[in-house]
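Next come the chains, spelled out residue by residue.
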Amino acid sequence: MSLQPITRSIACVRLGLVNAFLIDAGELTLIDSGLPGSASRILAAIGKLGRRPSDLRHILVTHLHADHTGSLKALKEQTGATIYMHKADAALVQRGIAMRPAKPGPGLLNALLYRLAGWGFVPTQVEATEIDQELEDDDILPCAGGIQVVC
């Protein structure tokens, strides 16, 4: 894990093949949670910022895949942060599903291309996690100064 500052209030948490992002606007906001097993590295990054796990108040999940949702449950348990996710993806993550079925969408061809592109290592299941706030287009989130949802 490495922590790379982007701006004074935004840092990239490098988790190997994927990244998560921390926004420090008084309260900490995490964008995505990495693959399963990434929670300890994210919490270490929070420590490098001189903060405690309880300072993480919000976790925003950009989309369904396990490289974005894999450590949600562990982070929720260790921080108590509120988890936000689009309602269509939230319904699947709450059942432990981390990839849409090939049928009826995103389609068999897209599923094949996904596997051929080397992303076949990403799990299709994650620990089922309760999503605290399901999002829709144009919602304004109460974190990091107000983040607008764009679908």
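Above: the structure in question.
Every value quoted in this text rests on a predicted model; they were computed, and no experiment measured them.

Q: Explain the sheet that holds strand β1 (residues 2-5) here, please?
A: The strands making up a sheet associate through backbone hydrogen bonding, with each pair oriented either parallel or antiparallel. Ordered by their spatial adjacency, seven strands build an open sheet running β1-β2-β3-β4-β5-β6-β7, and the pairing between neighbours is mixed. Bordering the open sheet on either side are β1 and β7 (133-135), each of which pairs with just one other strand. Recorded for the sheet is a direction-independent mean angle of 25 degrees between the axes of neighbouring strands. Contacts between helix α3 (residues 72-79) and the sheet are confined to β4 (27-31), β5 (56-60) and β6 (82-86), with β5 contributing the most and set at about 160 degrees to the helix.

Q: Honestly, α3 in this entry has me stumped. Any pointers?
A: Turn by turn, an α-helix covers 3.6 residues, leaving residues three or four places apart pointing in a common direction. Considered for burial, the residues of α3 that qualify are Leu72, Leu75 and Thr79. Burial along α3 is one-sided: seen end-on, the buried residues are contained in an arc of 70 degrees. Lining the buried residues of α3 we find β4, α1 (39-48), β5, α2 (66-69), β6 and α4 (87-93).

Q: Got a minute to help me understand the nonpolar core in this structure?
A: With 26 residues, the main nonpolar core has Leu30, Ile42, Leu56 and Ile59 as its most contacted residues. Every element with two or more residues in this core is listed here: β3 (19-25), β4, α1, β5, α3, β6 and α4. Sorting elements by how many residues they give to this core places α1 first, with five residues. Not counting chain neighbours up to four residues away, the residues in contact with Leu56 comprise Leu22, Leu28, Thr29, Leu30, Ile46, Thr79 and Ala81. Within the second largest apolar cluster, eight residues are counted, among which are Leu60, Leu135, Cys143 and Val149.

Conventions used here
- Residues numbered from 1 in each chain as written.
- Predicted model: local features only at pLDDT ≥ 70, side-chain atom pairs only at ≥ 80, totals over all residues.
- Heavy atoms only, no water.
- Pairing = 2+ DSSP bridges.
- Helix = DSSP H or I, 4+ residues; strand = E, 2+ residues; numbered from the N terminus.
- Axes fitted to C-alpha atoms, helices over the stretch in contact; angles between N-to-C directions.
- Contact = heavy atoms within 4.5 Å.
- Buried < 20%, exposed > 50% of the residue type's maximum accessible area, 1.4 Å probe, protein only.
- Arc of directions from axis to C-beta.
- Core = buried A, V, L, I, M, F, W, Y, C linked by side-chain atoms within 4.5 Å.

In short, the description is geometric, and any link to function would need to be established separately.
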